[in-house]
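Geometric and topological summary
Now for the letters of each chain:
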Amino acid sequence: IRLLSQMSEGHLQASDERNDLMATWQANWKGDFEIEGKYQRYFNRRLSAFGGFEGSEEDLVGIVGLHLLLPFLIEGEIRIDSQADLQVSLERRLAILPRLIAFGRVE
């Protein structure tokens, strides 16, 4: 949880071997906010399914999807929301030094 004079940002997570329950938020001093709540179930090391909600001050939508770990440690995600918007993303993180990480994301 991070509280600043102009914004608040946070991530809460409870998990066990196969289940994750997560909540994230961002809010600024003007009253604008973004929230996401998600339950994720791991089937094996490479595949998990999730469901939950995401929203802002304008709208709130439900989401469901799959999270995949592809070769070369590329993380793939396929999600669809309750307004039938499909999103596919690929992400890769690479530790260059112990405190320096390069990452890329394609949606």
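Attention in this report is confined to the structure presented alongside it.

Reading the values: the criteria
Residues numbered from 1 in each chain as written. Predicted model: local features only at pLDDT ≥ 70, side-chain atom pairs only at ≥ 80, totals over all residues. Heavy atoms only, no water. Helix = DSSP H or I, 4+ residues; strand = E, 2+ residues; numbered from the N terminus. Buried < 20%, exposed > 50% of the residue type's maximum accessible area, 1.4 Å probe, protein only. Contact = heavy atoms within 4.5 Å. Phe/Tyr/Trp six-rings, centres within 6.5 Å; stacked < 30°, edge-to-face > 60°. Lys NZ or Arg CZ within 6 Å of the ring centre and 35° of its normal. Pairing = 2+ DSSP bridges. Polar contact = N/O pair within 3.5 Å; in protein donor to acceptor, adjacent residues only side chain to side chain. 1 Å grid on protein atoms, 1.4 Å probe; cavity = no way out; pocket = protein on both sides within 12 Å on 5 of 7 lines; lining within 4 Å. Points joined across faces, edges and corners; volume = space filled by probe spheres on them. Nonpolar A, V, L, I, M, F, W, Y, C, P; charged D, E, K, R; others polar.

Further remarks concern the environment of Ile 80. Inspection of the secondary structure assignment puts Ile 80 in strand E7 (residues 74–81). For Ile 80, a relative accessible area of 36% corresponds to the partly exposed category. Remark: the alpha-carbon pair of Ile 80 and Gly 65, spanning 15 residues in sequence, is separated by 6.2 Å.

Let's shift gears to the environment of Leu 70. Within the element layout of this structure, Leu 70 appears in strand E6 (residues 60–70). You can call Leu 70 partly exposed: its relative accessible area is 30%. Each C-alpha atom, one on Leu 70 and one on Val 106, is 14 Å from the other, the two residues being 36 residues apart in sequence. Sequence-distant contacts of Leu 70, defined by excluding residues within four places in its chain, comprise Arg 46, Gly 76 and Leu 90.

What follows concerns the packing of aromatic side chains. Using the criterion set out here, one finds zero aromatic pairs in the structure. Lys 38 extends its terminal NZ or CZ atom over the ring of Phe 50, reaching a point 4.7 Å from the ring centre. The aromatic ring of Phe 103 is capped on one face by Arg 93, whose charged end is 5.9 Å from the ring centroid.

Let us now look at the side chain of Gln 40. Structurally, Gln 40 can be placed in strand E4 (residues 33–42). Residue class for Gln 40 comes out buried when judged on its relative accessible area of 6%.

Bridge count for strand E2 (residues 7–15) against strand E3 (residues 19–28) is nine bridges, and the pairing is antiparallel. Note on E3: the bridge partner recorded for Met 7 is Asn 28. Linking E2 back to E3 in an antiparallel pair, the connection comprises three residues.

Attention now moves to the side chain of Asn 19. In this structure, Asn 19 sits in strand E3. For Asn 19, the side chain forms a polar contact with the side chain of Arg 41, separated by 3.1 Å.

With that settled, the discussion passes to the layout of surface pockets. Put simply, the largest pocket is a space of about 690 Å³. His 11, Thr 24, Glu 36, Lys 38 and Arg 79 are, among the 21 residues lining the largest pocket, the residues nearest its centre. For the lining of the largest pocket, the secondary-structure elements that each account for two or more residues are E2, E3, E4, strand E5 (47–56) and E7. Among the elements that line the lining of the largest pocket, the one with the most residues is E4, at six residues. Here the residues of the lining of the largest pocket are counted per class, giving four nonpolar, 10 polar and seven charged. Taken as a whole, the second largest pocket holds about 210 Å³ of empty space. As for the second largest pocket, its lining consists of His 67, Glu 75, Gly 76, Glu 77, Ser 89, Leu 90, Glu 91, Arg 93, Phe 103 and Arg 105. Of the residues forming the lining of the second largest pocket, the biggest block, four residues, is contributed by strand E8 (residues 86–97). Taken together, the residues of the lining of the second largest pocket sort by class into two nonpolar, three polar and five charged.

These figures capture arrangement, not role.
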